[in-house]
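Notes for the structure review
Okay, here's what each chain looks like letter by letter:
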Amino acid sequence: MSINLIIAEKADAGRRIAYILSEKNMHQKKSKNISYIEFDDNGEKNIMVALSGHIVESDFPESFKDWIKSDLDKLIDSEIVYNIKNKKASDALQSFNDIKRVIIATDYDREGELIGVESLKFLKNYTEVKRAKFSALTNQEIKDAFKNLIDVNYGLADSARAREEIDLLWGAVLTRFFSVTSNRLWKDFISVGRVQTPTLALIVKREEEIQNFIPEKYYQISVKFNKKIDFTARYEKDIKDKSEAESIFNDINNRDGTVKSYDREEKEVYKPVPFSTTEFLREASRLGITPSNAMKVAEKLYMSGLISYPRTDNTVYQRSIPLKSIAEKFLKSDYENEAKLVINQERIIPSRGKIETTDHPPIYPVNLPQKPLNGAYKTVYDLIVRRFLATLYKNARIESSRAEIEINGHIFVATGQRILDPGWYEIYKFRKLNEIRLPELKSGESVSGREWNLEEKETEPPKRYDIASLLKMMESLNLGTKSTRHDIIQKLNDRNFATGNPVRPTPLGIGFIKSVTSIDSDIAKPDMTAKLEKEMDEIAENKKNEIDVVNESRLMLHEVLKNFRSNRDSIKETITEYANKGEVIGKCPIDNGDISVIKYRNFEKIKCSNDECKINFNISGTPLIQLTDKKCPVCGLPLIKIIRRGQSPEIRCIDPECSYNKNTYGKCPSDGGDLIIRQSRYGKRFLGCSNYPKCTVTYPLPQKGIINSTGEVCPYCGAPLLLLINGKRRWKFCPNIKCEYNRKDKGEKAKE
DNA sequence: GCAAGGTC
C-alpha cells in the first residue's frame with residue numbers, strides 16, 4: 001500500500017501536526033533506531049518523520065584536511081561535499097518504500113525549505129512532492145495548510161544552499177589564512193566569518209571610541225525651590241564656558257524665582273510588545289542571565305511544554321492563539337492577581353510589535369508548571385509569564401508637568417511626573433515607573449529658593465555594548481538570526497576575542513580586527529550580509545542562479561585573498577604584537593605600571609609592564625583573573641581572584657612572594673590536599689580543599705578579620721586550627737563549627 | 001580544527 005510521507009523540522013512539530021491531522025488517533029512506531037508516527041487520514045496511510053534541523057552539512061573533501069599544506073586558491077575552487085550529520089534522520093527517510101506523495105512540513109522559512117529539499121535525496125522513490133505552508137501549529141492553520149498544499153520553492157532552497165556554501169568558503173579560507181599566517185593553530189586558531197567578524201568589529205570600534213574620547217567640561221546650574229515641598233529646577237541648558245556659567249550663577253545666587261509657565265498633561269506609557277527571541281534575551285540579560293543560558297533554559301521550558309517555541313522574530317500574536325484562555329490558566333497560580341487584572345478587562349487588546357512574521361508565534365507561556373520551578377528556570381518562566389500578561393493589560397497613565405521659573409532674567413525648568421494608573425507596571429515588575437514631585441504652580445507666583453548649585457561636569461565616552469545592546473545592534477544590522485546571534489557572541493568569548501558583560505575586546509580581538517581591516521574587504525562589515533541577502537532573494541525569485549552566485553563569490557574571494565597575502569608580514573606582526581600584550585587588569589600597586597594578563601594555551605602570565613617588577617608569575621590553566629579592590633591582610637597589596645570553571649574563586653595576594661599565598665591554612669583531613677581560601681558566589685570566603693572537585697571538603701570562615709594558620713591540628717576532628725585576628729581580638733578556633741573544640745569552656749581557652 | 005544555520 002502506498003503512503004504519504006510527511007517531513008517535519010523537529011520532533012515536537014511532527015508530533016503536533018500528526019496529532020491534529022489524525023484527530024488524536026496516531027501511533028508512534030519504532031524499529032531498529034528508526035522512529036516515526038503513523039496515522040490514517042481520509043483512508044490514506046500517512047507516515048510522519050520528524051527531523052532535527054539539517055540532515056547534511058557542507059565541507060571540503062578530505063584532501064584539504066591539512067591547513068598548512070592546502071593551497072587556499074585550490075580550496076576556493078574546490079567542490080563542496082555534503083556529509084550526513086544526522087544519521088538517524090537519513091536512515092529513517094531511506095527506510096520507506098512505495099511513497100506516493102511527499103509533504104514537506106518544515107518551518108515555513110528559507111532554511112526550512114532547504115531542510116525539506118535535503119531530505120528528498122534520501123528517499124528511495126516518490127511520485128509527487130508538496131509543501132505545507134503554516135504559520136503556527138494550531139488546529140486551523142495545520143488543517144488549512146494540508147488542504148491547500150503548495151509547490152516546493154526550489155529557488156528558495158537553492159538560495160539557502162548558496163548562503164551555506166559562501167559562508168563556508170569565506171569562513172574556512174580566511175580562517176585558515178589568518179591562523180596559518182599568524183602561526184596560531186589548533187586551539188588558538190583565528191576564526192573569521194561573515195557574522196562573527198563584523199560583530200567583533202563593532203565591539204572593537206566602540207572600544208577605540210572610548211580610548212580616543214576626550215572629555216569636555218561643562219557646567220550645570222540648578223536651584224532647589226520650595227512650595228510646600230522641595231523641588232529642583234535646572235538652568236534651561238548646559239553651559240560649556242566656565243566664566244559664562246559663573247556669571248549666570250552670580251546673577252541668580254540667593255534669589256527667589258517667578259513662575260513663568262506651568263503645564264500639565266496626561267500621557268500614556270505604552271505596554272511592552274510580545275516577546276521575540278532577541279527581546280526576550282535582552283530582558284533576561286538585564287536580570288543577569290546570559291543569552292546562552294537563557295536560551296538553554298527556554299529550550300527546556302519549551303520541551304516540557306511550558307512555553308511556546310523560543311526561536312522567533314515575530315512580535316504579533318496570531319489570531320489563532322487563545323490569549324484569553326491562556327491568561328485564565330493563571331487564575332489558579334501564583335499569578336492569580338495579575339491574571340485577574342487581565343481577565344477583568346472589558347476587552348483584551350494585545351499589544352503588537354513592528355515585526356510580524358508567519359513562521360512562529362511570539363514567545364508566550366502555554367502551561368503552568370506541574371512542580372515549582374527553581375533558579376534560572378523560575379526567573380525565565382516568570383519573565384515570560386509576566387511579559388505575556390503585560391502585553392494583554394493596559395497602558396500606564398502618567399501626568400507629566402513642566403514649569404519654567406525665571407530668576408533675574410534666566411530661565412530654569414522643573415519637571416514632575418505623577419502616576420495616575422500604573423497599568424502594566426503592576427504585572428511586569430521588572431520595570432519601575434518613577435514619580436518626580438512637583439507642586440502645582442501658578443503663572444506669576446513667586447517661589448522661594450533654598451539652594452543654589454553650580455556643578456562642573458564632564459562629557460562621558462560612549463558606553464560599551466552590553467550583551468543586550470549588542471544583540472539589538474546585530475538584529476538591526478541583520479547580522480545572524482534569532483537562533484544564532486547569542487551563539488556568535490558566545491563564540492567571540494570562546495575564541496578569546498571578546499570578554500565580559502559589558503563586552504570588551506581582548507588584545508587578540510583588537511589586533512585581529514586591526515589586521516583584517518588593513519585590507520578593504522567586506523568580511524569585517526555588515527555589508528557582506530546585506531549583499532548576500534539581496535542575492536539570495538534574486539536566487540529565490542529565479543533571477544539569478546545559485547551556481548553563478550557562488551562562483552562570483554569565489555572570484556571575489558580570490559581577489560580578497562590576494563590582497564591579504566600582500567599584507568602578510570604586517571598581519572603576522574600586528575596579531576603577534578597584540579596577542580602578547582595581554583589584557584590590562586589594573587595598575588601595579590608597587591610602581592604604578594600596568595598589570596596585564598597574557599593568555600597562553602595552558603597557562604596565564606600575570607605581569608607588570610615594568611620588567612624589573614616582582615609581579616611577574618604564571619598561573620596554571622586558563623582561569624579568569626581579576627584584580628579585586630580588597631587588600632591583602634598580610635602585606636596590604638591588592639588581592640586577586642582566580643576564577644576557574646565550576647569552582648569557587650581562589651583568593652591570592654598579587655605579590656607572588658607574599659606569605660599570604662604560601663599560607664595554605666593546613667592540610668585537608670580527608671585527602672591531605674591544601675586548604676585554601678575561596679570565595680562563594682555570594683562573595684563569602686570559606687576554606688576549601690585544593691583538590692576540588694575531587695575532594696569537596698569545605699569549612700566556613702568568619703567574614704571579618706585576618707585568618708592565620710596555627711600549624712596545629714584539631715585534636716577532635718583533624719581540621720587545622722585557625723587564628724582569627726580582628727582588631728585587638730584574637731580567637732583560636734576549629735573551622736569545623738560543630739566541633740567539640742569550639743565548645744570548650746572559656747577558662748580552658750584562656751589558658752591556651 | 002575552519003562558517004552559519006537548523007535543533008537537542
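Residues numbered from 1 in each chain as written. Chains lettered and ligands numbered in written order. Predicted model: local features only at pLDDT ≥ 70, side-chain atom pairs only at ≥ 80, totals over all residues. Heavy atoms only, no water.

Moving on to the side chain of Asn86. The residue Asn86 is located in the loop between β6 (81–84) and α3 (87–94) in this model. Residue Asn86 is classed as buried on the basis of its relative accessible area, which comes to 15%. For Asn86, the contacting residues outside a window of four places in its chain are Ser52, His54 and Ile55. (Helix = DSSP H or I, 4+ residues; strand = E, 2+ residues; numbered from the N terminus. Buried < 20%, exposed > 50% of the residue type's maximum accessible area, 1.4 Å probe, protein only. Contact = heavy atoms within 4.5 Å.)

In the neighbourhood of DNA strand B, 41 residues make up the surrounding shell, with Ser52, Arg176, Trp186, Ser191 and Tyr309 lying closest. For DNA strand B, the fraction of protein-proximal atoms (within 4 Å) that sit in sugar or phosphate groups is 57%. A distance of 2.8 Å separates a sugar or linking oxygen of DNA strand B from a polar side-chain atom of Glu9. In this structure, Glu299 approaches DNA strand B through a side-chain N or O atom, which is 2.8 Å from a sugar or linking oxygen. The set of elements that each furnish at least two residues to the surface near DNA strand B consists of β5 (56–59), α6 (154–181), α10 (291–303) and α15 (485–494). For the surface near DNA strand B, the element with the most residues is α6, which contributes eight residues. Of the residues belonging to the surface near DNA strand B, the class tally is twelve nonpolar, 13 polar and 16 charged. (Near = heavy atom within 4 Å. Polar contact = N/O pair within 3.5 Å; in protein donor to acceptor, adjacent residues only side chain to side chain. Nonpolar A, V, L, I, M, F, W, Y, C, P; charged D, E, K, R; others polar.)

Our focus in this paragraph is the sheet that holds strand β28 (residues 720–726). Taken in spatial order, the three strands make up an open sheet running β27-β28-β29, and their pairing is antiparallel. In this open sheet, the two strands that pair with only one neighbour each are β27 (706–713) and β29 (729–733). Neighbour-to-neighbour, the strand axes of this sheet turn through a mean angle of 20 degrees, independent of strand direction. As paired strands, β27 and β28 are joined by five bridges and run antiparallel to one another. Of the residues in β28, the one forming a bridge with Ser709 is Leu722. (Pairing = 2+ DSSP bridges. Axes fitted to C-alpha atoms, helices over the stretch in contact; angles between N-to-C directions.)

Cross-referencing UniProt, the feature "domain: Topo IA-type catalytic" (unreviewed entry) maps to residues 153–561 in the present numbering. Measuring from the first to the last C-alpha atom of residues 153–561 gives 34 Å, for a span that is 42% helix and 18% strand. (UniProt positions renumbered as here; feature names shortened; annotations may be inferred.)

Assigned domains within chain A: domain 1 (3–51 + 86–152), domain 2 (162–211 + 485–577), domain 3 (217–270 + 397–458), domain 4 (277–393), domain 5 (582–662) and domain 6 (685–752). Between the C-alpha centres of domain 1 and domain 5 there is a distance of 58 Å. (Domains from an automatic or database assignment.)

The next point concerns the pattern of salt bridges. Where charged atoms from two side chains of opposite charge come close, those side chains can pair. Considering all chains together, one arrives at 46 salt bridges under this definition. Here Glu208 makes a salt bridge to Lys514, at a shortest N to O gap of 3.7 Å. Taken together, the residues Glu208 in helix α7 (residues 196–211) and Lys514 in helix α16 (residues 507–516) connect sequence positions 306 residues apart. Overall, Glu208 belongs to the partly exposed group, its relative accessible area being 32%. Residue classification places Lys514 among the partly exposed residues on the basis of a relative accessible area of 36%. Linking Glu283 and Arg286 is a salt bridge whose minimum nitrogen-to-oxygen distance equals 3.9 Å. Note that Glu283 and Arg286 are positioned in helix α9 (residues 277–286) at a spacing of three residues, about one turn of the helix. Classification of Arg286 as exposed rests on a relative accessible area of 53%. Among the charged side chains, a network of salt bridges with common partners joins Glu111, Arg163, Asp167 and Arg194. (Salt bridge = Lys/Arg side-chain N within 4 Å of Asp/Glu carboxyl O.)

On the basis of which strands lie adjacent, the open sheet formed by six strands has the order β2-β3-β4-β1-β7-β8 and mixed pairing. Where the open sheet ends on each side, the last strands, each with one partner, are β2 (27–31) and β8 (126–131). Put simply, the sheet's adjacent strands are angled 25 degrees from each other on average, direction ignored. As judged from the six bridges shared by strand β1 (residues 3–8) and strand β4 (residues 44–50), these two strands associate in the parallel manner. By the bridge assignment for β4, Ile6 is matched with Met48. Each of β1, β3 (34–41), β4 and β7 (99–105) touches helix α1 (residues 11–21); the most contacted strand, β3, lies at about 20 degrees to it.

Taken from the UniProt record, the annotation "active site" (unreviewed entry) applies to Tyr309. One can find Tyr309 in the loop between α10 and α11 (323–329). Other than its neighbours up to four places away in sequence, Tyr309 contacts Lys10, Asp107, Tyr302, His360 and Ile363.

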